[in-house]
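# Commentary on secondary and tertiary structure
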Amino acid sequence: MTPFALTPEMTSASGTFYPTGYVFALFASEDAARAAAQALQAQGHDDVAFAPPEAIMQHVVRTLGNADDPLPSVGAEGVIVRRIAELASGGAHALMFAARSEDSPESLRAVLQRLAALAAFYYRRLIIEDLIPQQQG
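In what follows, the accompanying structure is described. (Residues numbered from 1 in each chain as written. Predicted model: local features only at pLDDT ≥ 70, side-chain atom pairs only at ≥ 80, totals over all residues. Heavy atoms only, no water.)

### Points about the sheet that holds strand S4 (residues 93–98)
- Overall, mixed pairing links the six strands, which are arranged S1-S3-S4-S2-S5-S6 in an open sheet. Because the sheet does not close on itself, it has two edges, and the strands there are strand S1 (2–3) and strand S6 (128–130).
- Sheet topology note: the strand S5 (residues 119–123)/S6 ladder contains three bridges and is antiparallel. The residue of S6 that forms the bridge with Phe-121 is Asp-130. (Pairing = 2+ DSSP bridges. Helix = DSSP H or I, 4+ residues; strand = E, 2+ residues; numbered from the N terminus.)

### Quick word on the nonpolar core
- Formed by 25 residues in total, the largest nonpolar core has its most connected members in Phe-4, Phe-17, Phe-24, Leu-26, Ile-56, Ile-84 and Tyr-123.
- Listed by contribution, the elements that provide at least two residues to this core are strand S2 (22–27), strand S3 (49–51), helix H2 (53–60), helix H3 (76–89), S4 and S5.
- The greatest single-element share of this core, amounting to five residues, is contributed by H3.
- In this structure, Phe-4 is in contact with Met-10, Phe-17, Phe-24, Ala-49, Phe-50, Ala-51, His-59, Val-60 and Met-96, ignoring residues within four places of it in sequence.
- Phe-50, Leu-108, Tyr-122 and Leu-131 belong to the second largest nonpolar core, which has 19 residues in total. (Core = buried A, V, L, I, M, F, W, Y, C linked by side-chain atoms within 4.5 Å. Buried < 20%, exposed > 50% of the residue type's maximum accessible area, 1.4 Å probe, protein only. Contact = heavy atoms within 4.5 Å.)

### Topic: the side chain of Thr-63
- Here Thr-63 lies in the loop between H2 and H3.
- Given the relative accessible area of 7%, Thr-63 is considered buried.
- At 2.8 Å, the side chain of Thr-63 forms a polar contact with the backbone nitrogen of Phe-17.
- Setting aside residues no more than four positions away along its own chain, Thr-63 makes contact with Leu-6, Thr-11, Gly-15, Thr-16, Phe-17 and Val-81. (Polar contact = N/O pair within 3.5 Å; in protein donor to acceptor, adjacent residues only side chain to side chain.)

### Thoughts on the pattern of salt bridges
- On inspection of all chains with the given rule, the structure shows five salt bridges.
- Measuring nitrogen to oxygen at the nearest pair gives 3.4 Å for the salt bridge that ties Glu-102 to Arg-100.
- Residue Glu-102 is classed as exposed on the basis of its relative accessible area, which comes to 54%.
- A relative accessible area of 26% means that Arg-100 is categorised as partly exposed.
- Taken together, the shared-partner salt bridges connect Arg-100, Glu-102 and Asp-103 into one network. (Salt bridge = Lys/Arg side-chain N within 4 Å of Asp/Glu carboxyl O.)

### Structural notes on the pairing of S4
- Most of S4 sits inside the fold, with six of its six residues counted as buried.
- Neither face of S4 is open: one carries His-93, Leu-95 and Phe-97, the other Ala-94, Met-96 and Ala-98, and all of them are buried.
- Relative to S4, S2 runs antiparallel, the two being bridged by six bridges. Bridged to Ala-25 within S4 is Leu-95.

None of the figures reported here should be taken as evidence of function without further support.
The structure is reproduced here in structure tokens:
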């Protein structure tokens, strides 16, 4: 597992967090995220990056910048970054890893639900798959 590092390739044309081909998953605690990372690595994901709440807020959330000026963003990436910010501000830790060719949204959802992810997003070329349904209540 490596520390999360934001690179220019992980943002959209507007500069908002959008790491195409990757999954960004959030967990309730550092222990839960580290256990999930071990499970993912055991399944062949050898590029798992770990982000504590401070790194999420500093690197991911900051990409919102002026995305809403002068008009609200029409893309889902701004909404998702706000959701990530809400979870990170509550202490959530994150993992990011590349989706493999054999990974489908369904298989990723099943694995991440089993690993107790609070939220998970699969950034595909033209769509962001919300892998963990948001709890209503």
